[in-house]
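Residues per chain are reported as follows:
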Amino acid sequence: MMGLFKRIFSRTKKIQGEVLVTGGTGFIGSHTVVDLLESGFSVVIVDNLENSSEKVLDRIEEIVGEKAFEKLTFYEADIRDEEALTSIFDAHDIKNVIHFAGLKAVGESVEKPLEYYDNNIAGTCTLCKVMGNAGCKSIIFSSSSTVYGDPDTLPLTEESPKKPATNPYGWTKWMIEQILTDLYTADPEWDVVLLRYFNPIGAHVSGLIGEDPKGIPNNLVPYIAQTAVGKRDKVHVFGDDYATPDGTGIRDYIHVVDLAAGHVAALQWMQGHTGVEIFNLGTGSGSSVLEVIKAFQTASGQEIPYVIEERRAGDIAQNFADATKAEKILGWKAEKTLEDMVRDSWNWQSKNPEGLEG
Ligand code: NAD
Ligand code: UD1
């Protein structure tokens, strides 16, 4: 995989001010690329396709149309490949980077810590080194509410304390936040935006792109969606004895299209800025596992059988964001409801029951 560097296509000439999106064919990346192209940006994607499909590119073209799609260049490359990244920066005028690329399965990270530390941390260090050499010092990083751990108080603000992570995946988010902060301390020309996502779900309203997990889904909504299309027998609800109204875990689910818009807002805001700024991207309210199952059932008209199981190790009872900082500073606010999220997840899953590679 390392060293693989293939320019699949490029219909663009050198354009001023391109945005590099690492992990741009993934779940959140692809929705963000759609928003960027529709907002008029020129975009360069770097993705090694480890957890995504090249077919996403055709789907993006279908959504944005041929003209906007001409502003997209895709490279199949690994962010740990310094040589490949350097030639990409040489070939383009990249002014900003949105950095999604990384591994994200919590359980797998416990089994394969070195892969996670290498991909996520070493990958980010290589990316930043190449960026610095190219004079591009503006980065938006995909962090996670996981850095808050088990919260003492809710809602979580950006000032809420970071807690020790409970798994290598969480540590990579924790450490990359620190690395990017240290980078700014060493060189105040850097502009770092750390976006802490709550629980992204949903899909583009067209049903053309969405979450396409390989193997058995770890996360709740993809698991429910696969149960609704008959790929799984029943949903396993991890615990109904939490101190929440119905006993099941509460999370702040956010529509991926809203989340994508948060990146575009951050990108626009950070032009001409330097420093390190953290934003929570959530809706500000939580839903329980049983509420999500019920909403999905209503949206899909499918029965979703479920069974209550033991709590999952490392889970917390609840978290949800105080997202007012993003609203005040970025002018961004999540707009879509839980009903919108499950409707769009169902639309995507029912149109693509085997994902894009099926
Ligand atoms: P995803 O797996 O769908 O997308 C990640 C993309 O990065 C994939 O297309 C994958 O092929 C690519 N990639 C992985 N390693 C790479 C490497 N070394 N070089 C080049 N490309 C590489 O995941 P996603 O849900 O879109 O998440 C995007 C980012 O947001 C990740 O950093 C993830 O940790 C973070 N995040 C996700 C969630 C969530 O619930 N989905 C929550 C918080 C934070
Ligand atoms: C998980 C990760 C988190 C990561 C995020 C995005 C853990 C402990 N946390 O968040 O670090 O940033 O994904 O990748 O894995 N649930 C079920 N049945 C299921 C799946 C989940 O009942 O089959 C419950 C969970 O107990 C939780 C809720 O649904 O209460 C949401 O779970 P999930 O979608 O996995 O997200 P998080 O655990 O919040």
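The structure we're discussing is the one just above.
Just so you know, these numbers come straight off a predicted model, no measurement behind them.

Caption draft 1: Up close: the site of ligand 1. Surrounding ligand 1, one finds 27 residues, the nearest of these being Asp-47, Asn-51, Ser-52, Lys-104 and Asn-119. Between an oxygen atom of ligand 1 and a main-chain N or O atom of Glu-50, the distance comes to 3.0 Å. One nitrogen or oxygen atom from the side chain of Ser-52 is found 2.7 Å from an oxygen atom belonging to ligand 1. For ligand 1, the accessible surface in isolation is 820 Å², of which the surrounding protein chains cover 95%. At the level of elements, helix H1 (27–38), strand S6 (138–144) and helix H7 (168–186) are the ones that each hand at least two residues to the shell around ligand 1. Per-element tally for the shell around ligand 1: the top contributor is S6, with three residues. Here the residues of the shell around ligand 1 sort into ten nonpolar, eleven polar and six charged.

Caption draft 2: Representation of the pairing of S6 within the structure. The buried fraction of S6 amounts to seven of the seven residues, a majority that puts the element mostly inside the structure. Neither face of S6 is left uncovered, since the one carrying Ser-138, Ile-140, Ser-142 and Ser-144 and the one carrying Ile-139, Phe-141 and Ser-143 both have all their residues buried. Both strand S5 (residues 94–99) and S6 contribute to a ladder of three bridges, which runs parallel. The partner of Ile-98 across the bridge, within S6, is Ile-140. Here S6 runs beside strand S7 (residues 191–197); their pairing, made up of seven bridges, is parallel. For Ser-142, the partnering residue across the bridge sits in S7 and is Leu-195. Traced from S6 through H7 to S7, the parallel crossover comes out right-handed.

Caption draft 3: Region of the structure containing the nonpolar core. Leu-36 and Val-43 are the most contacted members of the largest nonpolar core, which has 46 residues in total. Counting residues per element, this core draws most heavily on helix H9 (residues 256–270), at seven residues. Among all residues touching Leu-36, those that are not within four sequence positions of it are Val-19, Val-21, Phe-41, Val-43, Ile-98, Val-264 and Leu-267. Of all hydrophobic cores here, the second largest spans 27 residues; its members include Ala-77, Ile-79, Ile-121 and Ile-139.

Caption draft 4: Structural detail: the state of the cysteines. Tallied over the full model, the rule gives zero disulfides. Cys-128 carries a free sulfur, and the closest cysteine sulfur to it, the one in Cys-125, is 6.9 Å from it. Left unpaired, Cys-136 is separated from the closest cysteine sulfur, that of Cys-128, by 9.5 Å. Accessibility expressed as a relative area gives 3% for Cys-136, which makes it buried.

So, how was this worked out
- Residues numbered from 1 in each chain as written.
- Chains lettered and ligands numbered in written order.
- Predicted model: local features only at pLDDT ≥ 70, side-chain atom pairs only at ≥ 80, totals over all residues.
- Heavy atoms only, no water.
- Near = heavy atom within 4 Å.
- Polar contact = N/O pair within 3.5 Å; in protein donor to acceptor, adjacent residues only side chain to side chain.
- Areas by Shrake-Rupley, 256 points an atom, 1.4 Å probe, with all protein chains shown as cover.
- Helix = DSSP H or I, 4+ residues; strand = E, 2+ residues; numbered from the N terminus.
- Nonpolar A, V, L, I, M, F, W, Y, C, P; charged D, E, K, R; others polar.
- Buried < 20%, exposed > 50% of the residue type's maximum accessible area, 1.4 Å probe, protein only.
- Pairing = 2+ DSSP bridges.
- Right-handed = clockwise from strand over helix to strand, strands pointing away.
- Core = buried A, V, L, I, M, F, W, Y, C linked by side-chain atoms within 4.5 Å.
- Contact = heavy atoms within 4.5 Å.
- Disulfide = S-S within 2.5 Å.

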